[in-house]
Amino acid sequence: MITSEQRMRHFKDGETITIEPWRAKAFPVIKDLMVDRSAFDRIIQIGGYVSVNTGGGTDANAIPIQKDDAERSMDAAACIGCGACVAACKNASAMLFVGAKVAQFARLPQGRVEREKRARSMIAQMDAEGFGNCTNQYECSAVCPKEISLDVIATLNREYFRSAVTKR
Ligand code: SF4
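Treat the numbers as computed from the prediction; the structure is a model and nothing was measured. (Residues numbered from 1 in each chain as written. Predicted model: local features only at pLDDT ≥ 70, side-chain atom pairs only at ≥ 80, totals over all residues. Heavy atoms only, no water.)

Participant: I'm lost on empty space enclosed by the protein in this one. Help?
Facilitator: The rolling of a water-molecule-sized probe over the atoms marks out the regions of remaining empty space. Taken as a whole and assessed by the stated rule, the structure comprises two cavities of 30 Å³ or more. As a volume, the largest cavity reaches approximately 90 Å³. For the lining of the largest cavity, the class distribution of residues is 11 nonpolar, two polar and one charged. When its volume is computed, the second largest cavity comes out at roughly 50 Å³. Along the walls of the second largest cavity sit Ile46, Gly47, Tyr49, Glu114, Lys117, Arg118 and Ser121, which together make up its complete lining. (1 Å grid on protein atoms, 1.4 Å probe; cavity = no way out; pocket = protein on both sides within 12 Å on 5 of 7 lines; lining within 4 Å. Points joined across faces, edges and corners; volume = space filled by probe spheres on them. Nonpolar A, V, L, I, M, F, W, Y, C, P; charged D, E, K, R; others polar.)

In structure tokens:
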């Protein structure tokens, strides 16, 4: 995968670089290159957290977690909420971002308690903010500076389906 940093290195001296603000209805331009990404904050506020009592550090370490689950969760948690995925997508979809936020909890016991409510409410907020639908263009993951995998979108879809059938 070519990162955005590597892409910049492909430019040769004298070439023209066009710089523009993130373009998405849900990211209104404030001024010049500055956009308002508070839509992401509102998606996090509606479900991107764990509100159950998880005990202290000792309790957390007493819960065995498979290495693969821990690593995948950490990979998803690397998302910095930059919005590059939205800007690169022709539909201005936020599925990679929301997928990362849901996936980081979906594999951990602490996050599973509220998983149905989380997936449902975060997707509803994503739609309310005006982000587009995912049509498998894959631009999001290609430009992501944290190399968030497309797998998180599959996880998000699974979590949403699960929430639809359990209705908790
Ligand atoms: S581009 Fe990557 S790091 Fe940035 S918001 Fe999207 S998923 Fe997160």
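Participant: Even after reading the chapter, I still don't get the layout of surface pockets, so can you show me in this structure?
Facilitator: Volume-wise, the second largest pocket comes out at about 220 Å³. In terms of lining residues, the second largest pocket is bounded by Arg72, Asp75, Ala76, Ala103, Arg107, Glu147, Ile148, Ser149, Asp151, Val152, Thr155 and Arg158. Elements represented by at least two residues in the lining of the second largest pocket include exactly helix H4 (67-77) and helix H10 (151-166). In terms of residue count, H10 provides more of the lining of the second largest pocket than any other element does, four residues in total. Class assignment for the residues of the lining of the second largest pocket results in four nonpolar, two polar and six charged. (Helix = DSSP H or I, 4+ residues; strand = E, 2+ residues; numbered from the N terminus.)

Participant: I would appreciate a short explanation of the nonpolar core in the present structure.
Facilitator: One broad rule of soluble globular proteins: the nonpolar side chains tend to lie buried together. Core analysis: the largest hydrophobic core is formed by 30 residues, its most contacted members being Phe40, Ile43, Val86, Leu96, Val98, Met126 and Phe131. Elements represented by at least two residues in this core include exactly helix H2 (38-47), helix H5 (84-88), helix H6 (95-106), helix H8 (115-128) and H10. Among the elements that line this core, the one with the most residues is H6, at seven residues. Every residue in contact with Ile43, bar those within four places of it in the chain, is listed here: Gly48, Phe97, Val98, Met122, Gln125, Met126, Glu129 and Phe131. (Core = buried A, V, L, I, M, F, W, Y, C linked by side-chain atoms within 4.5 Å. Buried < 20%, exposed > 50% of the residue type's maximum accessible area, 1.4 Å probe, protein only. Contact = heavy atoms within 4.5 Å.)

Participant: Got a minute to help me understand the side chain of Thr155 in this structure?
Facilitator: Here Thr155 lies in helix H10. Thr155 gets classed as buried once you look at its relative accessible area, which sits at 12%. What Thr155 contacts, discounting residues up to four positions off in sequence, is Ala103 and Ala106.

Participant: I'm lost on the pattern of salt bridges in this one. Help?
Facilitator: It is possible for side chains bearing opposite charge to pair when their charged atoms get close. One pass over the full model with this rule turns up nine salt bridges. Note that Asp68 and Arg107 form a salt bridge whose closest N and O atoms lie 3.9 Å from each other. Of this pair, Asp68 sits in helix H4 while Arg107 sits in the loop between H6 and helix H7 (109-112), placing them 39 residues apart in sequence. Taking relative accessible area as the criterion, Asp68 reaches 43% and is therefore assigned partly exposed. One salt bridge in this structure joins Arg162 and Glu116, with 3.0 Å as the shortest N-O distance. Of this pair, Arg162 sits in helix H10 while Glu116 sits in helix H8, and the two are 46 residues apart along the sequence. Since its relative accessible area comes to 32%, Arg162 is described here as partly exposed. The class of Glu116 is buried, set by a relative accessible area of 2%. Here the salt bridges do not stand alone but share partners, grouping Asp68, Asp69, Arg72 and Arg107 into one network. (Salt bridge = Lys/Arg side-chain N within 4 Å of Asp/Glu carboxyl O.)

Participant: Can you walk me through the site of the ligand in this structure?
Facilitator: In the vicinity of the ligand, 14 residues are found, and the nearest of them are Cys79, Cys82, Gly83, Cys85 and Cys144. The cavity where the ligand resides is the largest cavity. Elements with a contribution of two residues or more to the shell around the ligand: H5 and H6. Partitioning the shell around the ligand into residue classes produces 11 nonpolar, two polar and one charged. (Near = heavy atom within 4 Å. Sits in = over half its atoms within 2 Å of the grid points.)

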